Amino acid sequence: MSTPAPRQLVVVGGGMVAHRLVEALVDRGGVADGGWQVTVLAEEPRAPYDRVALTSYFSGRDPQDLALGDPALWDTPGVQLRRGVQVTEVDRAARVVRTAGGREHGYDALVLATGSAPFVPPVEGKDLPGCFVYRTIDDVAALRQYVTEVDTRRKDSTHPRPVTGAVVGGGLLGLEAAGALTALGVQTHVVEFAPRLMPLQVDEGGGEALQRLVGALGVQVHAGTATAKLTAGRDGRVARMHAAEGSAAGLTHLDVDVVVFAAGVRPRDELARACELPVGPRGGVVVDPTCRTEDPAVWAIGEVACLDGRTWGLVAPGYTMAEIVADQLLGGAAEFPGADLSTKLKLLGVDVASFGDAFGTSPGALSVVYGDPVAGVYKKLVLSDDARTLLGGILVGDASAYAGLRPLVGRELGGDPAAWLLPEGAEGGPASAELPDDAAVCSCNNVTAGSIRDAVRCDGCTDLGAVKACTKAGTSCGSCLPLVKKLVTTELAAAGVSVSSALCEHFDVSRAQLFDVVRVTGITSFSELVDRHGRGRGCDICKPVVASILASLDSGHVLDGERATLQDTNDHVMANIQKDGTYSVVPRIPGGEVTPEGLIAIGEVARDFGLYTKITGGQRIDLFGARMELLPAIWERLVAAGFESGHAYGKSLRTVKSCVGSTWCRYGVQDSVALAIALELRYRGLRSPHKIKLGVSGCARECAEARGKDVGVIATDNGWNLYVGGNGGFTPRHAKLLAEDLDTETLVRTIDRFLVYYVRTADRLQRTAPWLEEIEGGLDHVRAVVLDDSLGIAADLDAAMADHVEGYTDEWRATLEDPEKLRRFASFVNAPDSPDPSLSYVVERGQPRPSTAAERTAGEAAGAVLVAGPRLEVFSR
Amino acid sequence: MTATLPPDTTASTGWTTVCRYDQLQPERGVAALVDGQQIAVFRLFDGTLHAVGHRDPVSGAHVIARGLVGTRGDAPTVASPMYKQVFDLRTGVCLDAPDDPALRLPVHPVRLRDDWVEIGAGAVAP
């Protein structure tokens, strides 16, 4: 029996919805092996990305940060993504699509996912240089480049003045664009034809609140104003926007340097029109509830589809359509269930949410409104005529109740609706635990409360991360995460699962709780702690945790008394164990700055002890192959040359990486090396739940890769930008902006607090990125704690860091000065200086390395003597 | 480094003296070299002594004495510092893979004579 030839699926368009379609097909095993052969023809020169998060690209993110899902999707056998391809024709009779490059792709099924194009109103001057749209990464990059150029020219001119910009359109997209311009330092105006901002999502009260909040951020809003034409200046670039007559507040014109059109979108249905597929009255390819067009082999999904007589401009209905088509392609019968057009956004830092029947158009609908003009909050709930069932609502300024309220649309609210609107009653809401199973919690990915509970009950998920991976809940916009977390916690508690927070079999509490226990009780030994708050004699999990906690709370030597027994071998001998049982030694080189004498000293030590040397990723030098009994002799030489422990072995500060900065670099704007050295000397030896790495870059070129660090500092013209929560490794993360343009003193104080707060509250082996994700309130909460002292603990955090800085001593030197501690470095208790007889080395590229098993066997067979090994020539003390 | 050399090492009795009892810190192992064999010796919190092979069967490196000592249930344990497998100090069995004989540590007789710790010849049959 031969396998049937795979059927060809061609997807035109490479946006978020196309991505979801392919992901769904692959997830269901519908690709290759007798399934579909998928070809995605994308117009943009890159893989699908998170267009919803486009504005974040302005706050310094890389295009890579916008990546969707697992990039390995595009390496799936049977899936082909062709980027930068323009499809010019669909030949339905021949079932082929043709591209501008002259290629033909035959199809058995064709999915149009071409999305929308920005709508540019037909005003005079709309194509002048300086006029932009806001849709793709390239649009955004071009806008950024233009603004930077104008800004640079301005600064160098004799009459410097800030760059001014106008956004045409005060809807969702317009405010996004305004946010982007503001982030670039542009003085921003928003021109909206309707009498208020976001006319499609919020009512008059909400619009007013929004306008006040946005205005307070320096964005000038001109509602009820139409753009008549744009005119150029002497340089041919756009220079003035003329308002139409009769505009509100009598505005006649604005002098601007840049204009962004964000006045809505139009479906990209030109291919469908050309091949005579029916389109809707306002555009969009007409499809039935299965997303099929009139031609049974052709489907349309996302913003280009006209379903139920309209197009759908949000990502959630697009995703639903993608899932439907995936189901249909695999023989299913899924249909479009109608879409939830709820939205929750943070525009210019202002929360806006609108859900259900936001305008109260249902017959007999009642509204409960809460407004606080001082706090800049407007909240409205729309209820059924008996005031019991929630129909919809609008939240402006504080949308924290959104995650709890939205799933309740169409259900009885229970209790006093006003409780949901007052600031106290908001978070999560009283009813989230009793949320019915069919209530949609994540509308982006259409995940119900029931599926989340199932993930815990049936699929064995025991934390938020696992539930996210299993259900996709909260993986798009993330607005539902507080609710998902609450559901997961409730469900775990109901199932009697408590393992998630217990450290190990010896302690029933988490690291953070144990930290508090030690802090409050003042216990200073493991024995007392395990006696009073645990059981047994500990293990390789809890002992190092307790050692780290004790080290954080007082600055005793890590090898003092019983503490020595708590330390993993690396911490115990203050070096890093390698595969043959020898260690590597890393002297601290603060900020990566080292004198020639220092380099020579390190080189001499390495040569005299026969150590393999390698430059590390943290700008220092690693010396490998040090036998345990030789560590003190090696340190003695290094300490004599002015070096100290680099703590490469500890769950503690590793390095502060820096670029050369303004002292040498022609681009540098601040002295990054001096700051890096100061930070490294300040935080050296700080014990923490996991290793901590810092970076300091002297300008925005970011040569120190500071945003890949737990704490990244990037110089600006006015000071330092502080980023937190980055890391490399298995799951790389880019650090997120915590604060901008700090002076050095404020910067150091902020990092102090951030680090101590992390050390106190993070879980075991939890780096800063997952900690920020897990901690209640996330980055905003941490920012409030460290900058605004929202918990009233700042003085305590400052004092803790001051204690650390005060109490620091070099652990290597302290060990060398204590004969009792030195005793631990004996290779054998009955032969203290005999080397481990099993060690053997070969020379490779001029340096020793451990021999392989095969080399040992061969060496022994030939009677050959391997290089070094126990006979390695060493410096003798 | 000035370790007091043990007194007579009496091969005839089958016991080798390796160190004084007070040279052992509770819950921190030491390595001893006995007839060319590397042995990990532990003094536990309750004062009992245990001796197992120093070679980690997973990595092949001689590092077991440098592992963290603790308990699992009632069993006194040591965790290999290399890949963290946990071994029962009484039996040498790897508690993460109790049925794998290749991951079992040899157990050596160990005793306290006066103030001296002595290791017996040969491994105790598992």
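Keep in mind that what you see is a predicted model, and the values were worked out from it rather than measured.

So, how was this worked out
Numbering of residues begins from 1 in every chain and follows the order in which that chain's sequence is written. Chain letters and ligand numbers both follow the written order, the letters beginning at A and the numbers at 1. Owing to the predicted nature of the model, reporting of local features is limited to residues with pLDDT of at least 70; listing and counting of side-chain atom pairs is limited to 80 or more, with chain, interface and lining totals taken over all residues. The side-chain values count all of the structure's non-hydrogen atoms but skip hydrogen atoms and water molecules. When checking whether two residues touch, look at their non-hydrogen atoms; a contact exists if any pair is within 4.5 Å. Buried area is understood as the total, over both parts, of accessible area removed when two parts are fitted together, assessed with a 1.4 Å probe. Salt bridge, as used here: a side-chain nitrogen of Lys or Arg that lies within 4 Å of a carboxyl oxygen of Asp or Glu. Here a polar contact is recorded for every N or O atom pair within 3.5 Å, except that within protein the pair must consist of a potential hydrogen donor and a potential acceptor, and residues adjacent in sequence are included only if both atoms are side-chain atoms. Each helix is a run of H or I in the DSSP string that is no shorter than four residues. Each strand is a run of E no shorter than two, and both are numbered from the N terminus. All domain edges in this entry derive from an automatic or database-based domain assignment. Strands were regarded as paired on the criterion that DSSP finds at least two bridges between them. Helix axes are fitted only over the stretch in contact, all axes being lines through C-alpha atoms; the angle between N-to-C directions runs from 0 to 180 degrees. The hand of a helix crossing depends on one turn: near helix anticlockwise from the far one by less than a right angle means left-handed, and clockwise means right-handed. Roughly parallel here means an angle under 35 degrees, roughly antiparallel means over 145, roughly perpendicular means 65 to 115, and every remaining angle is called oblique. Amino acids are sorted into nonpolar (Ala, Val, Leu, Ile, Met, Phe, Trp, Tyr, Cys and Pro), charged (Asp, Glu, Lys and Arg) and polar (every other residue, Gly among them). Relative accessible area decides the class of each residue, using a 1.4 Å probe on protein chains only: under 20% of the type maximum gives buried, over 50% gives exposed, and in between gives partly exposed.

Enquirer: So, the interface of chain A and chain B: which residues are in play, and what are the values?
Expert: With 40 residues of chain A at the contact, the number on the chain B side is 31 residues. Contact between chain A and chain B buries roughly 3,000 Å² in total, counting both sides, with carbon and sulfur atoms accounting for 53%. Of all residues in chain A, R537, V829 and N830 of chain A give up the largest surface area on contact with chain B, accounting jointly for 23% of the area buried on that side. At the boundary of chain A with chain B, the tally comes to three salt bridges. With a closest N to O distance of 3.1 Å, K84 of chain B and D568 of chain A form a salt bridge. For the pair chain A and chain B, the interface holds 16 residue pairs in polar contact (both at pLDDT 80 or more). Mapped onto the side of chain A that touches chain B, the elements with two or more residues apiece are α14 (542–553) and α15 (569–573) of chain A.

Enquirer: Can you tell me about the domain arrangement of chain A, naming the residues and giving the values?
Expert: All names here are of chain A. Here chain A is partitioned into domain 1 (7–117 + 267–329), domain 2 (131–263), domain 3 (342–427) and domain 4 (431–498). Here the C-alpha centre of domain 3 lies 30 Å away from the C-alpha centre of domain 2. Contact with domain 2, which involves 22 residues of that partner, is made by 16 residues of domain 3. In this assembly, domain 2 packs against domain 3 so that about 1,500 Å² is buried in total across both faces, 78% of it on carbon and sulfur atoms. Sorting the residues of domain 2 by area buried against domain 3 places Q201, D203 and L213 first, and these three jointly supply 31% of that buried surface. Linking domain 2 with domain 3 are one salt bridge, by the criterion used here. K380 is paired through a salt bridge with D203; the nearest N and O atoms lie 2.8 Å apart. The interface formed by domain 2 and domain 3 includes three residue pairs in polar contact (both at pLDDT 80 or more). Listed by contribution, the elements that provide at least two residues to the side of domain 2 that touches domain 3 are α3 (172–183) and α4 (204–216).

Enquirer: An account of the sheet that holds strand β2 (residues 36–41) of chain A is needed here, citing residue identities and associated values.
Expert: Residue and element names in this part refer to chain A. The strand order β3-β2-β1-β7-β19 describes an open sheet built from five strands, whose pairing is parallel. Unpaired on one side and paired on the other, β3 (79–82) and β19 (298–300) mark the two borders of the sheet. Going from strand to strand, the sheet's axes swing by 15° on average, the running direction of each strand aside. As judged from the three bridges shared by strand β7 (residues 109–112) and β19, these two strands associate in the parallel manner. Each residue of the ladder has a partner; that of V111, found in β19, is W299.

Enquirer: Tell me what's going on with the packing of helix α18 (residues 672–683) of chain A against helix α19 (residues 744–761) of chain A, and back it up with residues and numbers.
Expert: Two measures define how a pair of helices packs: the angle their axes make with one another and the distance between the axes. All names here are of chain A. Where α18 meets α19, the axes come as close as 12 Å, and the angle between the chain directions of the two elements is 35°. For α18 against α19, the interelement crossing comes out right-handed. Across the interface between the two elements, L675, L679, R682 and Y683 from α18 touch T744, L747, V748, I751, D752 and L755 from α19.

Enquirer: Talk me through the pairing of strand β4 (residues 87–91) of chain A; I want residue IDs and the actual numbers.
Expert: As a general feature of sheets, a regular strand has side chains that alternate between the two faces. Residues and elements named next belong to chain A. Note that β4 and strand β5 (residues 96–99) share four bridges and pair antiparallel. Bridged to V87 within β5 is T99. Following β4, the chain reverses through four residues before pairing antiparallel with β5; R95 in that reversal takes a positive phi of roughly 55°.

Enquirer: Can you tell me about the pattern of salt bridges, naming the residues and giving the values?
Expert: Under the criterion given, the structure shown has 59 salt bridges over all chains. Each of R20, E23, R28, E323 and D327 of chain A takes part in a single network of salt bridges with overlapping partners.

Enquirer: Can you explain the packing of α19 of chain A against helix α22 (residues 794–807) of chain A? Please cite residues and give values.
Expert: Residue and element names in this part refer to chain A. At their nearest, the axes of α19 and α22 sit 9 Å apart, and the two run at 90° to each other. Comparing their axes, α22 and α19 come out roughly perpendicular. Side by side, α19 and α22 meet where R749, D752, R753, L755, V756, Y757 and R760 of the first sit next to A794, D796, L797, D798, A800 and M801 of the second. Tallied by class, the residues present in the contact of α19 with α22 amount to seven nonpolar, no polar and six charged.

Enquirer: Just give me the short version of the side chain of Q670 of chain A, but keep the residues and values in it.
Expert: Residues and elements named next belong to chain A. Position of Q670 relative to the elements: it lies in the loop between β33 (653–658) and α18. A polar atom in the side chain of Q670 sits 3.4 Å from the backbone oxygen of G719. Residue contacts for Q670: discarding those within four places in its chain leaves G661, S662, G698, A715, T716, D717, N718, G719 and W720.

Enquirer: A description of unusual backbone geometry should follow, citing residues and the corresponding values.
Expert: Backbone phi values are negative for most residues with the exception of glycine, while trans is the configuration of most peptide bonds. Residue C291 of chain A is not a glycine yet carries a positive backbone phi of 75°. In this fold, C291 of chain A is placed in the loop between β18 (285–286) and β19. One non-glycine residue, K84 of chain B, lies in the positive phi region at around 70°. Mapped onto the elements, K84 of chain B comes out in the loop between β6 (75–79) and β7 (86–88). Note on K84 of chain B: relative accessible area 33%, which makes it partly exposed.

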